Amino acid sequence: MPTTVHSISALTAALPLGDIADLFDADARPHRPEQVIPEQPGGPRRRYRTVWISDVHLGTRGCNADMLIDFLDHVDSDTMYLVGDIIDGWQLKKRFYWPAAHNDVIGRLMKRARRGTRMIYIPGNHDEMFRQFAGLDFGGIQIRRKAIHETADGRRLLVLHGDEFDAITLSHRWLAHVGDAAYTMLMALNRWVSAVRRRWGMPYWSLSKHAKAKVKNAVAFISRFEEIVAEAAGSRGVQGVVCGHIHTAEMREIAGISYYNDGDWVEGCTALVEHGDGRMEILDWGEEMRRRSVAPAVALAAPAPARTALAA
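Quick caveat, the model's predicted, so the values are computed rather than measured.

K.L.:
Would you mind showing me how to read the overall build of the protein chain here?
P.N.:
Helix and strand counts for the protein chain come out as 9 helices and 13 strands. Here the protein chain, with 312 residues, has 50% of them falling under the buried criterion. Within the protein chain, contacts between residues at least 6 apart in sequence are counted, and of these 69% link residues at least 24 apart.

Right, here's the structure in full:
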């Protein structure tokens, strides 16, 4: 039986990140109050059976916390998986960065657990300091190294972060940190481009995501990673796998195994969701917000409906 830890401060006391326990003050007044959006058929607030998110990288300037807050205010689920790299311990140890919006994300996630959402947290390589607590439950959030999820249509899915299959991270840890530094520089450029686009009223677009899609070696690495993960899942007797780690959302069949990657909240801003019938879907939240912003303008531009004359 898993051990339950009621105090988050007690859980984080052993972590090598200074006063990290202060980051988890879920009872503090949020900087941005949660939007109260009623659920209704076809309305802006939706409910799914399951939601998977990963690679949020709280504690970095590249994290799109505002978009994630909007997502959390519009989407509910019975179960939610946090599939690793939610907090970026690598960057926090180098330079402390924690704006109010990042605390609002933590507060919303913990509030979901208190409201009855089943929350499973599977730490990744950037938040590996939490792996030592695998098997513990705290604040309604279960910490696990991996999990098996059964879909509504009876399929068993292995859920894990995915760095376990990254040969660079496993065999050459120093190279992984060098790559992380280069990636941080690219994300700084990405933020500058995003700021310019916002100033001109343009929708969100990720320079880093676009660059990665155009680089042949990156595409080959992603494809090979997906094949290795799917093969490992098949050897464990499951029908599919859900992971994160490579910041590339995807749904495809590989040798009879359903491969799902929920993407990230740094570049793509995506989530994986399961509908009530077991159907899986990737939500592109940048596109969701763009459609929502143009809908009122389209409604205003639409011609007024013609009046029907009453019969004399």
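Continuing now.
K.L.:
How should I be thinking about the side chain of Ser258 in this particular structure?
P.N.:
Mapped onto the elements of the fold, Ser258 is located in strand E11 (residues 257–261). Residue classification places Ser258 among the buried positions, given a relative accessible area of 6%. For Ser258, the residues in contact, after removing those within four places along its chain, are Arg155, Gln239, Gly240, Val241, Arg252 and Glu253.

K.L.:
Looking at this structure, how should I read the sheet that holds strand E10 (residues 250–254)?
P.N.:
In a beta sheet, neighbouring strands pair by backbone hydrogen bonds and run either parallel or antiparallel. In space, the 5 strands of this open sheet follow the order E7-E8-E9-E11-E10, with mixed pairing throughout. Each having just a single partner strand, strand E7 (147–150) and E10 make up the two edges of the open sheet. Averaged over all adjacent pairs, the angle separating strand axes in this sheet is 25°, with direction ignored. Note that strand E9 (residues 240–243) and E11 share 4 bridges and pair parallel. When the bridges of E11 are listed, Gly240 appears paired with Ser258.

K.L.:
Is there a simple way to think about the pattern of salt bridges in this case?
P.N.:
Where side chains of opposite charge bring their charged atoms close, a pairing between them can arise. Tallying each qualifying case throughout the model produces 18 salt bridges. As a salt-bridge pair, Glu34 and Lys111 come within 3.7 Å of each other at their nearest N and O atoms. Remark: Lys111 occurs in helix H4 (residues 100–115) and Glu34 occurs in the loop between helix H1 (8–12) and strand E2 (46–53); sequence separation between them is 77 residues. If you follow the salt bridges from partner to partner, you end up with Arg46, Glu287, Glu288, Arg290 and Arg291 in one network.

K.L.:
Mind showing me how you'd approach the nonpolar core here?
P.N.:
Most often, soluble globular proteins have nonpolar side chains that are buried together. In terms of nonpolar packing, the biggest core is built from 40 residues, with Ile53, Leu58, Phe71 and Trp265 touching the most fellow members. Contributions of two or more residues to this core are made by E2, helix H2 (65–74), strand E3 (75–82), H4, strand E4 (118–121), strand E5 (136–138), strand E6 (141–143) and strand E12 (270–274). Those residues in contact with Leu58, other than ones at most four positions away along the chain, are Cys63, Ile86, Ile87, Asp88, Trp98, His102, Val105 and Ile106. Judged by nonpolar contacts, the second largest core, of 14 residues, contains Leu158, Phe225, Ala233 and Val241.

Parameters and conventions
Residues numbered from 1 in each chain as written. Predicted model: local features only at pLDDT ≥ 70, side-chain atom pairs only at ≥ 80, totals over all residues. Heavy atoms only, no water. Helix = DSSP H or I, 4+ residues; strand = E, 2+ residues; numbered from the N terminus. Buried < 20%, exposed > 50% of the residue type's maximum accessible area, 1.4 Å probe, protein only. Contact = heavy atoms within 4.5 Å. Pairing = 2+ DSSP bridges. Axes fitted to C-alpha atoms, helices over the stretch in contact; angles between N-to-C directions. Salt bridge = Lys/Arg side-chain N within 4 Å of Asp/Glu carboxyl O. Core = buried A, V, L, I, M, F, W, Y, C linked by side-chain atoms within 4.5 Å.

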